[in-house]
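Descriptive analysis of the structure
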Amino acid sequence: MNRERNNKLCLMYTGGTIGMQRRGGVLCPPEDPHDFLKLAPELAKSVDFDYVPIMNKDSTNINHEDWRTIAEKIHEHIAYGYKGFVIAHGTDTMHFTASALAFAFGKCLRVPVVLTGAQTIPEVSHGDARVNLIRAFKVAQTEIAEVVISFGEFVFRGCRAQKKDERRFDAFESPSYYPLGYITEEILLTGLARTRTGAAQEEGEFLPYFSDGIVQFSLIPGLESRLIEPVVRDEGCRGIILQSFGAGNVPTEEGRYSVIDIIRLTTDLGKPTIVKIGRASCRERV
Ligand code: ASP
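Let us look at the structure shown here.

Analysis parameters
Residues numbered from 1 in each chain as written. Predicted model: local features only at pLDDT ≥ 70, side-chain atom pairs only at ≥ 80, totals over all residues. Heavy atoms only, no water. Helix = DSSP H or I, 4+ residues; strand = E, 2+ residues; numbered from the N terminus. Rg over C-alpha atoms; globule rule 2.2 N^0.38 Å. Areas by Shrake-Rupley, 256 points an atom, 1.4 Å probe, with all protein chains shown as cover. Lys, Arg positive; Asp, Glu negative; His and termini not counted. Charge placed at Lys NZ, Arg CZ, Asp CG, Glu CD. Expected span 1.5 Å × (residues − 1). Buried < 20%, exposed > 50% of the residue type's maximum accessible area, 1.4 Å probe, protein only. Contact = heavy atoms within 4.5 Å. Core = buried A, V, L, I, M, F, W, Y, C linked by side-chain atoms within 4.5 Å. Pairing = 2+ DSSP bridges. Right-handed = clockwise from strand over helix to strand, strands pointing away. Axes fitted to C-alpha atoms, helices over the stretch in contact; angles between N-to-C directions. Parallel < 35°, antiparallel > 145°, perpendicular 65-115°, else oblique. Left-handed = near helix turned anticlockwise from the far one by under 90°. Nonpolar A, V, L, I, M, F, W, Y, C, P; charged D, E, K, R; others polar. Phe/Tyr/Trp six-rings, centres within 6.5 Å; stacked < 30°, edge-to-face > 60°.

Secondary structure assignment for the protein chain yields seven helices and 15 strands. Its C-alpha atoms give the protein chain a radius of gyration of 20 Å, near enough to 19 Å, the size a compact globule of 286 residues would have. If you line up the protein chain on its principal axes, its C-alpha atoms span 65 × 50 × 35 Å. Total accessible area on the protein chain stands at roughly 14800 Å², and carbon and sulfur atoms take up 50% of it. Taking the average place of the 34 positive charges on the side chains of the protein chain and the average place of its 37 negative ones, the gap between the two points comes to 2 Å.

Here is the structure:
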């Protein structure tokens with residue numbers, strides 16, 4: 001394919017409810033990923049885009065190797081001149097993939113990469129599959145030059161979003177950063193997104209590499225740190241994430257619940273420890 005050959009959008013399909021079909025009473029990814037295009041046939045009349053199915057997975061099965069595959073596919077197609085990307089993805093791990101892509105591209109991204117999915121399968125006529133896909137195409141035609149999640153009425157920064165509801169159509173939230181845009185008749189950008197013009201001035205490196213062996217512990221009162229220790233000592237463990245309480249608080253009172261010795265141990269073993277804030281819910285926190 002010629003570089004800079006086109007000025008089109010690119011729709012990449014990875015799977016998820018947005019494309020699923022009911023077979024034998026069970027929801028499954030379509031046997032033929034091209035079936036996904038039947039979701040919104042009108043798009044072909046109004047938007048110039050190419051369709052690239054990459055994988056066909058429920059997103060609960062997506063892992064760090066898939067993040068790399070998706071990132072590399074986007075990178076390859078950016079070189080062909082596509083001016084924006086819509087990535088259809090399952091909702092369960094969409095925010096992980098969005099974060100992974102945001103870190104893989106960093107400042108070298110100059111086009112929108114818009115992830116979307118749905119709470120209902122295409123056959124639900126009042127559902128969100130078709131509308132979310134069409135809206136994501138609108139977002140992919142804006143000035144944004146970031147990895148974003150377009151879902152329901154919102155456009156969120158990809159590495160700030162999280163899934164908040166498994167049924168309602170406003171399935172995602174961005175508790176620690178304002179929305180980048182609102183989806184109305186027009187896409188109303190809030191002015192917080194990195195833009196194509198701004199991005200053109202920046203240099204960055206494409207780094208689609210993700211470690212395996214990362215283990216996350218969600219701290220609960222009374223969790224004995226001796227239970228974490230064997231995991232930290234395991235050769236396959238390359239680093240741990242401690243999901244803390246509140247603003248990053250962890251048990252430190254001397255005794256069996258303190259995680260101080262765990263943090264010391266991981267540090268001595270040369271494995272990073274990340275203390276993650278508890279579930280953020282403060283919209284004002286930016
Ligand atoms: N389990 C599905 C997935 O993440 C859920 C969804 O897409 O809404 O692929």
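Let's shift gears to helix α3 (residues 94-105). Along an α-helix, residues three or four positions apart point the same way, because every turn accommodates 3.6 residues. Counted at 1.5 Å a residue, the expected span for α3 with its twelve residues is 16 Å, and the 16 Å between its end C-alpha atoms agrees. For α3, the buried fraction is high: ten of the twelve residues fall into the buried class. At its buried positions, α3 is contacted by α2 (64-79), β6 (113-116), β7 (147-151), β9 (162-163) and β10 (172-173). Backbone geometry just downstream of α3 places Gly-106 in the positive-phi region, at approximately 50°.

A few words on the nonpolar core. Membership of the largest hydrophobic core comes to 34 residues, with the highest contact counts inside it found for Ile-74, Phe-85, Val-113 and Leu-115. The element best represented in this core is α3, accounting for seven residues. Among residues more than four places away in sequence, those in contact with Leu-115 are Ile-87, His-89, Met-94, Thr-97, Ala-98, Leu-101, Val-147, Val-148, Ile-149 and Ser-150. Counting 29 residues, the second largest nonpolar core, distinct from the first, contains Ala-88, Phe-137, Val-148 and Ile-187.

Residues in a regular strand point their side chains to alternate faces of the sheet. Pairing geometry for strand β14 (residues 239-243) and strand β15 (residues 273-276), over four bridges, is parallel. The partner of Ile-240 across the bridge, within β15, is Thr-273. For the crossover from β14 across helix α7 (residues 260-268) to β15, the handedness is right-handed.

Running from amino to carboxyl end, α2 crosses α3 at an angle of 50°, the nearest separation of the two axes being 10 Å. Considering their axes alone, α2 and α3 lie oblique with respect to each other. As α2 packs across α3, the resulting crossing turns out to be right-handed. For the pair α2 and α3, contact is made by Trp-67, Ile-70, Ala-71, Ile-74, His-75 and Ile-78 and by Phe-96, Thr-97, Ala-100, Leu-101, Ala-104 and Phe-105, respectively. Residue composition of the contact of α2 with α3, grouped by class: ten nonpolar, two polar and no charged.

Quick look at the sheet that holds strand β5 (residues 84-88) now. Strand order in this open sheet of eight strands is β4-β1-β5-β6-β7-β8-β11-β12, and the pairing throughout is mixed. Both outer strands of the open sheet, β4 (49-57) and β12 (187-189), are each paired with one neighbouring strand and no more. Each strand axis lies, on average, 25° off the axis of its neighbour in the sheet, ignoring direction. The sheet contact formed by β7 and strand β8 (residues 154-157) spans four bridges and is antiparallel. Bridge pairing links Ile-149 to Phe-156 in β8. Here α3 sits on the sheet in contact with β6 and β7, set at roughly 155° to β7.

For the structure on display, the rule yields nine aromatic pairs. A network of ring pairs unites the aromatic residues Tyr-13, Phe-36 and Tyr-51 as a single cluster.

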